[in-house]
Amino acid sequence: MRKLLDDASLPTDAGALAVEAAELERRLDACRVEIQRLMDEEDPLRGIVHSAAIHQAKQSLMMLRYQRDLRVALLNRIGANDHTPL
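Presented here is a report on the structure given in the accompanying data block. A quick note: this is a predicted structure, and the numbers were derived from the prediction, not measured. (Residues numbered from 1 in each chain as written. Predicted model: local features only at pLDDT ≥ 70, side-chain atom pairs only at ≥ 80, totals over all residues. Heavy atoms only, no water.)

1. Points about the overall build of the protein
No. 1: Assigned secondary structure in the protein consists of two helices and zero strands.
No. 2: Sorting the 86 residues of the protein into buried and exposed places 29% on the buried side.
No. 3: Long-range pairs, those at least 24 residues apart, make up 61% of the contacts in the protein between residues at least 6 apart in sequence.
No. 4: Taken as a whole, the protein presents about 5,700 Å² of accessible surface, with 56% of it coming from carbon and sulfur. (Helix = DSSP H or I, 4+ residues; strand = E, 2+ residues; numbered from the N terminus. Buried < 20%, exposed > 50% of the residue type's maximum accessible area, 1.4 Å probe, protein only. Contact = heavy atoms within 4.5 Å. Areas by Shrake-Rupley, 256 points an atom, 1.4 Å probe, with all protein chains shown as cover.)

2. Some points on the packing of helix H1 (residues 14–41) against helix H2 (residues 51–77)
No. 1: Interaxial distance between H1 and H2 falls to 9 Å at its minimum, and their mutual angle equals 160°. Comparing their axes, H2 and H1 come out roughly antiparallel. Relative to H2, H1 is oriented so that their crossing is left-handed.
No. 2: Residue composition of the contact of H1 with H2, by class: 18 nonpolar, two polar and eight charged. (Axes fitted to C-alpha atoms, helices over the stretch in contact; angles between N-to-C directions. Parallel < 35°, antiparallel > 145°, perpendicular 65-115°, else oblique. Left-handed = near helix turned anticlockwise from the far one by under 90°. Nonpolar A, V, L, I, M, F, W, Y, C, P; charged D, E, K, R; others polar.)

3. As for H2
No. 1: Over its 27 residues, H2 runs 38 Å from end to end, which matches the ideal 39 Å to within 8%, given 1.5 Å per residue.
No. 2: On its buried face, H2 is in contact with H1.
No. 3: Following H2 by one or two positions, Gly 79 adopts a phi angle in the positive range, close to 80°. (Expected span 1.5 Å × (residues − 1).)

4. Overview of the nonpolar core
No. 1: Formed by Leu 24, Leu 28, Cys 31, Ile 35, Ala 57, Leu 61 and Leu 64, the largest nonpolar core amounts to seven residues.
No. 2: Mapped onto this core, the elements with two or more residues apiece are H1 and H2.
No. 3: Considering every element that reaches this core, the biggest residue donor is H1, with four residues.
No. 4: In this structure, Leu 61 is in contact with Leu 28, Cys 31, Arg 32 and Ile 35, ignoring residues within four places of it in sequence. (Core = buried A, V, L, I, M, F, W, Y, C linked by side-chain atoms within 4.5 Å.)

5. Overview of the pattern of salt bridges
No. 1: Evaluation of the coordinates by the stated rule reveals ten salt bridges.
No. 2: Ionic pairing is found between Glu 23 and Arg 27, a salt bridge with its closest N-O pair at 3.2 Å. Of this pair, Glu 23 and Arg 27 both sit in helix H1, four residues apart, which is roughly one turn of the helix.
No. 3: You can call Glu 23 buried: its relative accessible area is 18%.
No. 4: Arg 27 gets classed as partly exposed once you look at its relative accessible area, which sits at 30%.
No. 5: Between Asp 43 and Arg 46 there is a salt bridge; the shortest N-O distance is 3.6 Å.
No. 6: Note on Asp 43: relative accessible area 23%, which makes it partly exposed.
No. 7: Look at Arg 46 and you get exposed, because its relative accessible area is 63%.
No. 8: Via salt bridges that share partners, Glu 25, Asp 29, Arg 32, Arg 68 and Asp 69 belong to a single interconnected network. (Salt bridge = Lys/Arg side-chain N within 4 Å of Asp/Glu carboxyl O.)

Dropping the structure here:
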């Protein structure tokens, strides 16, 4: 599979865009789980903080959302009505 975060080479067919959007949704779910895990592990009173890792994961979450939304917008633009909305 090609690199999903390369905007310059986005596919132009609905099927490939839908597959990539689904993969990005899977990555989003994993990122959300990781953020929650990091937050649950924190215990500031004992000096256990993950602020840098949480911040980085949230940055990744925003980037993945953008990439997924870009593909969904392209699907809508080309009129691919048969894809499953994300």
